[in-house]
Amino acid sequence: MVLQSSGQVGDLLVQEVSYASPRGGWVPASLVVPEVPGLHAGILLGHGTGPAGRKHMLPYALDLARTGAVALLIDGPYVRRQVSPVTFTPQDAEGQLQHIVDLCRAVDLLSARTDVDSDRLAYIGHSHGAAMGGLLAGVEDRVGAYVLASGDGGLVSHFGGDGPDSGELLRLPKKDRQRWLEAMEPIEPIRFVGHAAPAELLFQVGLHDEAVPVADAEAYYEAGSEPKEILWYDAGHVLDEQALLDQVGWLAERVGIAPDRFAFRHGCGRISCRTN
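Residues numbered from 1 in each chain as written. Predicted model: local features only at pLDDT ≥ 70, side-chain atom pairs only at ≥ 80, totals over all residues. Heavy atoms only, no water.

**Overview of the packing of helix H3 (residues 91–112) against helix H7 (residues 174–184)**
Our working definition: Only C-alpha atoms enter the line fits that serve as axes; for helices the fit covers just the stretch in contact. Angles between N-to-C directions range over 0 to 180 degrees. We count a stretch as a helix when DSSP gives it H or I for four or more residues in a row; a strand needs E for two or more, and each element gets its number in order from the N terminus. Comment on the angle field: the value is read as roughly parallel under 35 degrees, roughly antiparallel over 145, roughly perpendicular from 65 to 115, and oblique elsewhere. Definitions for this section: a left-handed crossing has its near helix turned counterclockwise from the far helix by less than a right angle. A right-handed crossing has that turn clockwise. Only heavy atoms matter for contacts: two residues are in contact if any of them lie within 4.5 Å across the pair.
Packing of H3 against H7 brings their axes to within 8 Å, and their N-to-C directions diverge by 20°. Considering the angle they form, H3 stands roughly parallel to H7. Crossing of H3 over H7 shows right-handed handedness. Side by side, H3 and H7 meet where Asp92, Ala93 and Gln96 of the first sit next to Trp180, Ala183 and Met184 of the second.

**A closer look at the environment of isoleucine 100**
Here is the rule: Relative accessibility decides the category of a residue: with a 1.4 Å probe and only protein chains considered, values under 20% of the type maximum give buried, values over 50% give exposed, and everything between is partly exposed.
Within the secondary structure, isoleucine 100 is located in helix H3. Isoleucine 100 sits in the buried class, given a relative accessible area of 8%. When the C-alpha positions of isoleucine 100 and leucine 172 are compared, they lie 27 Å apart, and in sequence the two are 72 residues distant.

**A closer look at the pattern of salt bridges**
Put simply, the rule reads: For this analysis, a salt bridge means a side-chain nitrogen from Lys or Arg found within 4 Å of a carboxyl oxygen belonging to Asp or Glu.
What the rule picks out here adds up to 12 salt bridges. The closest approach of N and O atoms between aspartate 108 and arginine 105, which form a salt bridge, is 3.5 Å. One end of the pair, aspartate 108, and the other, arginine 105, are both in helix H3, three residues apart, so they sit about a helical turn from each other. Of the residues examined, aspartate 108 reaches a relative accessible area of 27% and is grouped as partly exposed. With a relative accessible area of 30%, arginine 105 lands in the partly exposed category. With a shortest N-O distance of 2.6 Å, arginine 142 and aspartate 108 are connected by a salt bridge. Pair noted here: arginine 142 is in the loop between helix H4 (128–139) and strand S7 (145–149) and aspartate 108 is in helix H3, with a separation of 34 residues, a long-range link. One salt-bridge network, held together by shared partners, links Arg105, Asp108, Glu140 and Arg142.

In structure tokens, the structure reads:
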């Protein structure tokens, strides 16, 4: 890991770092570390498809760090390359595989820290980050708790179902559509989230989600392994403050963060301020 810069935000240390990806290139990341001595929980955060990547989730990471967690955020491969996350070519499969490998490497970094209790690791993902969390849960056994907010079963589920974006896939020539599906279906997160156990899963769903149909969110939940829980909100794709409070409370019981220290100090209190 290479340290790029370091600064203070109140009683938190914020470091901009990068690390080598096993599949090539360097992964830019942000670390938020409490200055309180001792062993902390480690929380990895997964962003949505917006071009800002991890920066959207940094305010939330600051709030989480105050609860007694070392938070780590990385940029997905498409953010680093400044390209669309979906090209409907087999390159999407390569990018998704690299994303998961880079997340596993991020777990390596958290686990190796002397201020992190490697038995208290969690993941929080929103939208596409929730889908990537389901895939990660199926292949990574060191993370004990996953929060999957406003997610569906992956890009095939998202573009191949009845949602608002399904038309983009249908407009492709049949040969190109089949080629993309053949590349993506074997690594669809909904195929992996059922292998998360013994990790625990929390699914959060907006009843009025304009990007993820309720049926797709339910299918993702049903595919998950036990133990799991689903919470519903009177919200759209952008969940509300209660969803964040529920995340913190749920994680407090599983990785030992302190929910009484959580406050919306650095963001507007809505998940949209953190991720798309």
